[in-house]
Each structure stands twice: as structure tokens, then as C-alpha cells.
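Chains, contacts and geometry: an overview
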Amino acid sequence: MRARERHLIDSADFSAVTEQNVIEIVRRGCLEDPYRPALIIEDGLTITRKELLDRCQRFAGYLRGKVGTQERVVVMLDNRVEFMIALFGIMANRGILVSIAPTAQEHDAGHILRDSEPVLAIVGEPQLELMGKLKETAPSLKEIVVVRGEEPRGLEAYEQAAEPFDFAEVECDREDVITVYYTSGTTGAPKGCMLHHGWWLRVVDVDLRLFRRGWQDRQLCCLPFYYADPAIQLITSLASRGTMVAMRRFSVSRFWDVVTQYDATEILSIASIPALLLKGDPGPKERDHRIRLAIHAGLPKELHGEMVERFGFHWLDQYGSTEGGVMSRVPLHLADELVGSGCIGVEPPSMEVRVADDHDEEVPLGEAGEALIKGPDIYVGYLGRPEVTAEANRNGWYHSGDLVRRDERGLLYFVGRKKEIIRRSGENISAAEVEQVLRGHPQIVEAAVIPVPDTLRGEEVKAYVQLKPDSAMTPEDIVAYCREKLAPYKVPRFIELHPEDFERTPSMRVQKQPLRAREDQRKGAWDRESGTWG
């Protein structure tokens, strides 16, 4: 058996990040290069490290006495600099930021508010009315802080109301929980995933050791700030003297303009972003840039080669989660070889992935099994759900719910979600595989595949498909395309056209729970076998 592949790293754990908490990284990064931009927004707004530190310390001063150790603060903001100011201000007070999507409504925002029991909320003006209404059902919530006016001065009224809290005097504990992100599973209400300083330090350290960066690097952030990823990018930039360039929201039409105007050197991408970029009109800016590489979670292997050829840089597939952080990534030295392979790489140093059966026993090489995760500084647990945490971490391993396989070189490949395997006539069908094929068609923007109960075959395959606005593609065309790419038993029987974008989880995956909740999955869908609409 040949030796297992690994990342070519000769540095020790926590050699890129020697600090004991995130506030130490922020303070050092801002003081050592104070006039270099920390963050540039796509419309030209620039905040230097000096101004970022000053505003963070001032807002942290306002929060002193209002937010106690390990008390929670919900933050519900669009992509504004004040999100990051709030994050570091809360963190300095040993509080916990609880992230809520700025587009959340009464049901989902209300669940997070009641579940997390915050003492304070920080919202934008568009979210104020909703938060005011929800405050009546949240007895723990004492105050609503409103971000108003011109950026980055949206918190200035609060910043001027107290003495600054010098970050040199902050006494954070490495084990302090500092963020909670609500993750949606296949069943039940979203759970609050608690992350401590150690989680953040490890993710930043691993990222900087896997891909070295310096003052000349600019990471492009095209994701919502309420995800963990943008904060990781900013902290990584501060730790390496780089700059983060942020879009207000992802846009195909503006993407390459932002890349070229602000000299981005790296892209972090998730979900359908690459497929959407490929569907955009080609232009010279796609190649006239300084991008060195992109990191993406869940690359569509059918499109991978086209992405590299068209855009002129490598896209490295990465496997991660809120709970586990970075769990595997394609090594840089194997990037050429693994284009289009569907490989998600190998574990970073100190991280272990066991491919296991339902009894947590390791499966033979090449067979699919659940990815069990073990490593230092993974998530603390689920807020207020010790029994769920214990079940997820049974036998000393975090059970990801993801199916993967490992080849003889030790390389990992994503198969699908354990609870998203469709069992049709004794055959196991990966919903992720069918979705990947569908997304590979130039007229298909997004797809979601779920099982439909069937008395004859146990389950049938149903695909919800979002087409491009000008597409004339029919269900018959979709089935014909799938027949060219998939084994006959994997071809969807039911096709339902989805006119708008799907609801999304915090990690930009399609939220399938509302789709599964429909009582009659045949109604409104085209049936391949009968050739009729239900």
C-alpha cells in the first residue's frame, strides 16, 4: 500500500497563531500596521486597522457593565463594518455573539431569541421593528442597540457614551465561548453551535499554515457576515497583515469588477457560487486579476475543470462544518492532479477523520461511511442541549452525519448526507450526486433532491429545479440530460420547477426541511413514468 497523502507542512501546531485568545490577534494585527486597510467594502468604504481597533475598544467600553461573562448578545445586521466591531466588542467583555440572519423573520428569529436568552440585541434599522416585536417574548432581553446612519459610524452614539476598553487589559479565557451559530439539521429546530476562542485560534492557525499569506494578500469575502467565514477571513487577514475585501452581497454581475478593482488575491466560496459564475457572461476581467487560488466547500466535479480553465486559478475543495471547522482540504501540491476528481483532500495536522459504519467501526478503503471527527478545539457543544451534544460526540468522536469514502492514498471523497440517501428498490442513491449533476447544466441555477415515499420501490427520487429566468427547459429535457449522466435508477422520477431561489441554511446549503414538509410531493410535480403533471 502506498503512503498516505498529507499536507506538506513543516511547522508545528499553533506556530502561525501564538496568541491565547482572538482579542490578542486583533490588537496585535491592528497595532503592528495601523494605517494598512483592515477591511475594504465593495463600494469603496475603507477602515484602517487603527480605526477598527479604536472603534472596537470604544464600543467594548459601552458594553462594560451591560454584558457579563458568558452572557449572550444577538446580532442581526447586514454586511456592515459594525458587525465586526460588535463581534470584537462583545468578545472583549467575555460575552457571546449569537448570530441571526438579517433576513430572518418572526418564526426563525424568534426561535433563536427564545433559545439563546440574550441580554442585549444589536440590529440595523431594517431589523428594528421585528426585534422590538420579539422583545415582548424574550424576558432576558434588556436593551436593543441600533446601528444607524453612515458606516462605519453606525455605533458612534454608543461609542461616545463611555470610556474605551483598552484591549491590552482584556482578560479572556481560551475556553470562553465567544460565538453561537444556529445550524439546521434534517429534523427539528435549529441548534445553537457554541464555539470558543480555541476553535477560532485553531481554524486561523491551520488556514495560515496550509496557505501562507502576507501584507500583499487580499481575501475576497462574498458571503454574509452572519456566517462564521467572514470573521475567519478578517481575523486571518489581521494575523497575516493582509486585507479583507467584502461584497455587500454576492452578485455575478459585480463579482469580477470587485476582484479587479480591489486587487483580491484569494476567494472563499461556498454552495452554488462557482456554478453561478460559470453561467455569467464571459469577460476579460475573469483572467485579468491577481487571484492566486480559491477555496470552496463542495466543488461540483463536473464543472471543476471548466472553472480552472476559464478563470485561470485553482479551486481547492475543502470539507468543513461549524462544529469541526476545517476537517479536510486538497493539498496545494496535488491541486493539478485532483481537478475534477471530486476529492475533498486530507485532514490538516492534528485532525482525524474516521470513515465508520453504524457501529462506529472503520469501513474498508473505498467504502462509504460516516465521517467521524476528532481533533483539538472543535466545537464546545449545542447550547442548552447536553443530550444532543452527548449523542453527537458519542465514543469520543463527533458524528458529522456526512458520508465519505477514503481511497488507498488516504484521500477523502464526499458521498452525501447520511440522512439524504434515497433508497429505491434496494439501491442507495446519493441526493448530493444527483444535485451535482443537475447543477452542471448551464440552464439550471440550483437543484434540491429529496425522497418521495413509494409503495412499490420504497422511495422515488424527486428533484426541485430552479432554471435560469430565460430558460425554456422542460422536465423532459431535464430527465434526458440526467439519463446521459446517471445510472437509470438514479434519474429523478418527479420534477418540480422552483421559480425562485431556495431557502438557505447558514452555510448556504439549500434548506430542504420546508420541501420535505409538504404533504403531497406528487402534487405540482411532473411524473416521468406517466408523463403528466400531478
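Below is a summary of the structure that appears in this document. (Residues numbered from 1 in each chain as written. Predicted model: local features only at pLDDT ≥ 70, side-chain atom pairs only at ≥ 80, totals over all residues. Heavy atoms only, no water.)

**Digging into the sheet that holds strand β15 (residues 343–345)**
In space, the 5 strands of this open sheet follow the order β15-β20-β19-β17-β16, with antiparallel pairing throughout. Two strands lie at the open edges of the sheet, namely β15 and β16 (352–356), each paired on one side alone. Adjacent strand axes in the sheet meet at a mean angle of 50 degrees when their direction is disregarded. As judged from the 4 bridges shared by strand β17 (residues 369–374) and strand β19 (residues 398–406), these two strands associate in the antiparallel manner. In the strand pairing of β19, Leu 372 is matched with His 399. (Pairing = 2+ DSSP bridges. Helix = DSSP H or I, 4+ residues; strand = E, 2+ residues; numbered from the N terminus. Axes fitted to C-alpha atoms, helices over the stretch in contact; angles between N-to-C directions.)

**Observations concerning empty space enclosed by the protein**
This structure, assessed with the given rule, holds 2 cavities of 30 Å³ or more. Counted as a void, the largest cavity has a volume near 80 Å³. Around the largest cavity, the lining comprises 13 residues; the ones closest to its centre are Leu 299, His 304, Trp 315, Leu 338 and Cys 343. Ranked by residue count, the leading element in the lining of the largest cavity is strand β13 (residues 314–321), at 4 residues. Looking at the lining of the largest cavity residue by residue, the classes come out as 8 nonpolar, 4 polar and 1 charged. Reported here for the second largest cavity is a volume of approximately 60 Å³. Lining the second largest cavity are Asp 13, Phe 14, Arg 202, Asp 205, Val 206, Arg 209, Pro 349, Ser 350, Met 351 and Pro 376. Here the lining of the second largest cavity is built from residues that sort into 5 nonpolar, 1 polar and 4 charged. (1 Å grid on protein atoms, 1.4 Å probe; cavity = no way out; pocket = protein on both sides within 12 Å on 5 of 7 lines; lining within 4 Å. Points joined across faces, edges and corners; volume = space filled by probe spheres on them. Nonpolar A, V, L, I, M, F, W, Y, C, P; charged D, E, K, R; others polar.)

**Quick look at the environment of Ala 463**
Tracing the chain through its elements places Ala 463 in strand β24 (residues 458–467). A C-alpha to C-alpha distance of 8.1 Å links Ala 463 and Arg 493, two positions 30 residues apart in sequence. Among all residues touching Ala 463, those that are not within four sequence positions of it are Leu 438, Ala 448, Val 449, Pro 492, Phe 494, Ile 495 and Glu 496. (Contact = heavy atoms within 4.5 Å.)

**Describing the packing of aromatic side chains**
Counted according to the given criterion, the structure contains 15 aromatic pairs. Considering the side-chain rings of Tyr 319 and Phe 414, the 6.4 Å spacing of their centres and the 45 degrees angle between planes classify their relative orientation as tilted. Of this pair, Tyr 319 sits in strand β13 while Phe 414 sits in strand β20 (residues 412–417), placing them 95 residues apart in sequence. Joined through ring pairs, the aromatic side chains of Phe 250, Phe 255, Trp 256, Phe 311, Phe 313 and Trp 315 make up one cluster. Across from the ring centre of Phe 14, 5.1 Å away, lies the NZ or CZ of Arg 174, which sits over that ring. Here the basic side chain of Arg 405 rests over the ring of Tyr 413, its NZ or CZ set 4.2 Å away from the ring centre. (Phe/Tyr/Trp six-rings, centres within 6.5 Å; stacked < 30°, edge-to-face > 60°. Lys NZ or Arg CZ within 6 Å of the ring centre and 35° of its normal.)

**Quick look at the layout of surface pockets**
Left-over empty space is what a probe sized like a water molecule reveals as it rolls over the atoms. The computed volume of the second largest pocket comes to approximately 1,400 Å³. Around the second largest pocket sit 46 residues that line it, and Ala 101, Thr 103, Tyr 226, Arg 504 and Thr 505 are the ones nearest its centre. Listing elements by their share of the lining of the second largest pocket, those giving two or more residues are α4 (106–116), β7 (177–183), α10 (273–279) and α15 (513–516). Here the lining of the second largest pocket takes 5 residues from α4, the largest share from any one element.

**Description of the pairing of strand β11 (residues 266–270)**
Every regular strand shows the same layout, with side chains that alternate between the two sheet faces. With 5 of 5 residues buried, β11 is to be regarded as a mostly interior element. Neither face of β11 is exposed, since Glu 266, Leu 268 and Ile 270 on one face and Ile 267 and Ser 269 on the opposite face are all buried. With 3 bridges joining them, strand β9 (residues 218–221) and β11 adopt parallel strand pairing. Following the sheet pairing, Cys 221 is matched in β11 by Leu 268. Alignment of β11 against strand β12 (residues 293–297), held across 5 bridges, turns out to be parallel. (Buried < 20%, exposed > 50% of the residue type's maximum accessible area, 1.4 Å probe, protein only.)

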